[in-house]
Amino acid sequence: MPSKHGEPALTVRAPVGLKRDATMELSGRGLEMRAFVVACLTVLTKDPEQFLEVLKPHWPEKKPYLGGRSVSKPRVDG
């Protein structure tokens, strides 16, 4: 059954405590996480230099790539 959503999903796994604290901070201001992420992506497209400069000291270290399922590899059963 095809998705009823008009836009593809964006999945991010944030540390539990960080997500909890950010959600509390936003909800205390009457805001929600989805709208916050969309607002951040919008600012990035409108003023990337300034926005990325603000984020620079908070940028997480890059995680190592641990592999994953490749769409080009055929599935082998048995």
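Quick summary incoming for the structure in this document. The structure displayed is predicted, hence computed values, not measured ones. Per chain, residue numbering runs from 1 following the sequence as it is written. In view of the model being predicted, local features appear only for residues whose pLDDT reaches at least 70, and side-chain atom pairs are presented and counted only at 80 or more, with totals across whole chains, interfaces and linings using the full set of residues. Excluding hydrogens and water, the side-chain figures rest on all heavy atoms present in the structure.

This brings us to the overall build of the protein chain. Put simply, DSSP H or I for four residues or longer makes a helix, DSSP E for two residues or longer makes a strand, and each gets a number counted from the N terminus. The secondary structure content of the protein chain amounts to three helices and zero strands. For the protein chain, the N- to C-terminal ordering of α and β elements is α-α-α. When burial is assessed residue by residue, the protein chain has 3% of its 78 residues classed as buried. Calculation of accessible area relied on Shrake-Rupley with a 1.4 Å probe; when residues are assessed, cover is drawn exclusively from the protein chains displayed. Counting every atom, the protein chain has about 8200 Å² of accessible surface; 61% of that belongs to carbon and sulfur. A 1.4 Å probe rolled over the protein chains alone gives each residue an accessible area, and that area as a share of the maximum for its type sets the label: buried under 20%, exposed over 50%, partly exposed in between.

To continue, consider the layout of surface pockets. In this approach, a probe sized like a water molecule rolls over the atoms, and the result shows the empty space that is left. As a volume, the largest pocket reaches approximately 1400 Å³. In terms of lining, the largest pocket is formed by 26 residues, of which the most central are Val12, Ala14, Leu18, Phe36 and Val37. Contributions of two or more residues to the lining of the largest pocket are made by α1 (16-27), α2 (33-46) and α3 (48-55). The leading source of residues in the lining of the largest pocket is α2, at eight residues. Under this grouping Gly is polar, as are all residues other than the nonpolar Ala, Val, Leu, Ile, Met, Phe, Trp, Tyr, Cys and Pro and the charged Asp, Glu, Lys and Arg. Partitioning the lining of the largest pocket into residue classes produces 19 nonpolar, one polar and six charged. Lining residues are those with an atom within 4 Å of a point, where the points come from a 1 Å grid over the protein atoms alone and group into cavities, where a 1.4 Å probe fits but cannot get out, or pockets, open sets with protein on both sides within 12 Å along at least five of seven lines. Grid points are joined across faces, edges and corners, and a volume is the space filled by probe spheres set on the points.

By definition here, a salt bridge exists when the distance from a side-chain nitrogen of Lys or Arg to a carboxyl oxygen of Asp or Glu is within 4 Å. Within this structure, the stated rule accounts for three salt bridges. Linking Asp21 and Arg20 is a salt bridge whose minimum nitrogen-to-oxygen distance equals 3.3 Å. Owing to a relative accessible area of 47%, Arg20 belongs among the partly exposed residues under this scheme. The shortest N-O distance in the salt bridge between Glu32 and Arg34 comes to 3.4 Å. Taking relative accessible area as the criterion, Glu32 reaches 39% and is therefore assigned partly exposed.

Moving on, we get to a nonpolar patch on the surface. The patches described consist of residues with a relative accessible area above 30% and no salt bridge, like charges being joined within 9 Å and nonpolar side chains (Val, Leu, Ile, Met, Phe, Trp, Tyr) within 5 Å. Taken together, the side chains of Leu10, Val12, Phe36, Val37, Leu41, Leu44, Leu52 and Trp59 make up a nonpolar region of the molecular surface, amounting to roughly 760 Å² of accessible area. It is α2 that contributes the most residues to the nonpolar patch, four residues altogether. In this structure, Phe36 sits in helix α2.

On to the environment of Thr23. Among the secondary structure elements, Thr23 is positioned in helix α1. Exposure remark for Thr23: the relative accessible area of 35% places this residue in the partly exposed category. The spatial distance from the C-alpha of Thr23 to the C-alpha of Phe36 is 9.8 Å, given a sequence separation of 13 residues.

Another point: the packing of α2 against α3. To get an axis, a line is fitted to the C-alpha atoms, and for a helix only the part in contact is used. The angle between two axes follows their N-to-C directions and goes from 0 to 180 degrees. α3 packs onto α2 with a crossing angle of 125° between their chain directions and a minimal axis gap of 6 Å. Between α2 and α3, the angle falls in the class oblique. In contact with Cys40, Val43, Leu44, Thr45 and Lys46 of α2, α3 contributes Pro48, Phe51 and Leu52. Tallied by class, residues from the contact of α2 with α3 come to six nonpolar, one polar and one charged. What sets the label is the angle itself: under 35 degrees gives roughly parallel, over 145 gives roughly antiparallel, 65 to 115 gives roughly perpendicular, and the rest give oblique. Any two residues having at least one pair of non-hydrogen atoms within 4.5 Å are treated as being in contact.

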